[in-house]
Amino acid sequence: MRAIVIDDERLARKELINLLNQLETVEVVGEAVNVEDAKEKIEQLQPDVIFLDIQMPEKTGFDLLEELDAVPHVIFTTAYDEYALKAFQVNALDYLLKPIEPKRLEEAIAKLTGKIEKQQKAEAEAQSTNSKKLTLDDQVFVKDGDRCWFVRLANVRLFESDGNYIKVYFDNFKPMIHKSLNALDERLDEKSFFRASRKHIINLGWVEGIEPWFNGGLVVTLRGGDRIEVSRRQAARFKEMMSL
């Protein structure tokens with residue numbers, strides 16, 4: 001698996017890279033010293049996993065996750081165990097306290113290996129022709145105050161525009177991300193997500209009911225009870241996609 005080590009401390013990066021280089025299942029493809037450097041490296045190198053220090057100058061590891069469109073697997077590394085609870089609240093794959101013990105690192109890698117193999121199998125079965133699109137297997141990082149989540153797009157039933165933000169509907173939560181609906185629409189796989197109107201993008205896998213509405217439009221009911229109006233302009237395309 002391809003890994004990037006992100007840490008502002010050079011010695012900490014080198015120590016972890018040396019440990020990872022002793023493992024046959026990991027290839028360290030890059031390292032980064034801060035959030036901006038990490039964003040560039042992640043985009044260029046497309047790692048399977050990032051080893052992410054939380055406390056860094058200017059921007060933290062959590063800030064990095066908020067700024068990424070799609071988040072790879074994450075193993076947090078830090079010298080401060082006060083961040084452990086928050087790291088697990090964001091559903092990180094694992095959390096390693098510095099100085100990192102080789103045995104704990106091997107345990108984290110073993111857990112990651114199983115998860116990646118399962119994900120790769122799913123991706124191989126449903127590979128998109130456009131690899132730049134975000135598919136149902138991708139995950140996004142969302143934050144609401146002190147609460148944070150990694151959310152698979154398959155579990156997001158609805159995106160709703162709210163000014164310069166987007167509400168992300170999953171489970172019983174509706175946190176916001178600072179993106180435009182138009183920009184998100186361009187990234188999402190159109191086989192799985194549909195732009196119902198200027199304000200909404202729906203996950204087609206969550207559609208439970210469809211009924212006619214005023215002026216040739218439609219109302220779509222999602223599992224969970226959300227009712228979304230499909231504009232007249234989009235109704236014909238929606239019917240075609242749903243084979244109605």
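Residues numbered from 1 in each chain as written. Predicted model: local features only at pLDDT ≥ 70, side-chain atom pairs only at ≥ 80, totals over all residues. Heavy atoms only, no water.

K.L.:
Help me understand the environment of M1, please; the structure alone is not making it clear to me.
P.N.:
In this fold, M1 is placed in the segment before β1 (2-6). Sequence separation between M1 and I109 is 108 residues, and the spatial gap between their C-alpha atoms is 9.4 Å. For M1, the contacting residues outside a window of four places in its chain are T25, V26, E27, D48, V49, I109, L112, T113 and I116. (Helix = DSSP H or I, 4+ residues; strand = E, 2+ residues; numbered from the N terminus. Contact = heavy atoms within 4.5 Å.)

K.L.:
Explain helix α1 (residues 10-21) here, please?
P.N.:
Residues separated by three or four positions in an α-helix point in the same direction, a consequence of the helix having 3.6 residues per turn. End to end, α1 covers 16 Å across 12 residues, agreeing with the expected 16 Å (1.5 Å per residue, within 8%). All of the buried residues in α1 are A12, R13, L16, I17, L19 and L20. All buried residues of α1 fall inside an arc of 160 degrees around its axis, so they share one side. Opposite the buried face of α1, at more than 90 degrees from it, the exposed residues are R10, L11 and N21. (Expected span 1.5 Å × (residues − 1). Buried < 20%, exposed > 50% of the residue type's maximum accessible area, 1.4 Å probe, protein only. Arc of directions from axis to C-beta.)

K.L.:
What's the story with the nonpolar core in this structure? I'm lost.
P.N.:
Soluble, globular proteins show a tendency: their nonpolar side chains are buried together. Judged by nonpolar contacts, the single largest core of 21 residues is most densely connected at I6, I50, L52, L64, L65, V74 and F76. Listing elements by their share of this core, those giving two or more residues are β1, α2 (35-45), β3 (49-53), α3 (61-67), β4 (73-78) and β7 (147-152). One finds L19, V49, I75 and I100 within the second-largest nonpolar core, a separate group that totals 19 residues. (Core = buried A, V, L, I, M, F, W, Y, C linked by side-chain atoms within 4.5 Å.)

K.L.:
Before we go on, may I ask you to explain the pairing of β4 in this structure?
P.N.:
Every regular strand shows the same layout, with side chains that alternate between the two sheet faces. With respect to burial, β4 is a largely interior element, six of its six residues being buried. Burial of the side chains of β4 extends over both faces: H73, I75 and T77 are buried on one face and V74, F76 and T78 on the other. Pairing between β3 and β4: five bridges, direction parallel. Each residue of the ladder has a partner; that of F51, found in β4, is I75. (Pairing = 2+ DSSP bridges.)

K.L.:
Would you mind showing me how to read the sheet that holds strand β15 (residues 227-230) here?
P.N.:
Two strands in a sheet stick together by hydrogen bonds in their backbones, pointing the same way (parallel) or opposite ways (antiparallel). Ordered by their spatial adjacency, three strands build an open sheet running β13-β14-β15, and the pairing between neighbours is antiparallel. The open sheet is flanked by β13 (207-212) and β15, the only strands paired with a single partner. For this sheet the average axis-to-axis angle between neighbouring strands, irrespective of direction, equals 25 degrees. With four bridges joining them, strand β14 (residues 218-222) and β15 adopt antiparallel strand pairing. (Axes fitted to C-alpha atoms, helices over the stretch in contact; angles between N-to-C directions.)

K.L.:
How do you make sense of the packing of aromatic side chains when you look at a structure like this?
P.N.:
Each aromatic ring pair is specified by the distance between its two centres and by the angle formed by the two planes. Taken as a whole and assessed by the stated rule, the structure comprises seven aromatic pairs. Here W149 and F173 contribute two aromatic rings whose centre-to-centre distance is 4.9 Å and whose plane-to-plane angle is 40 degrees, an arrangement assigned as tilted. Of the two residues, W149 is situated in strand β7 and F173 in the loop between β9 (165-169) and β10 (176-177); the sequence distance between them amounts to 24 residues. On the basis of relative accessible area, W149 is assigned to the buried category, the value being 12%. The class of F173 is partly exposed, set by a relative accessible area of 25%. Grouped by ring-pair contacts, the aromatic residues W149, F170 and F173 constitute a single cluster. If you follow R223 out to its NZ or CZ, it ends over the ring of W206, 4.2 Å from the centre. (Phe/Tyr/Trp six-rings, centres within 6.5 Å; stacked < 30°, edge-to-face > 60°. Lys NZ or Arg CZ within 6 Å of the ring centre and 35° of its normal.)

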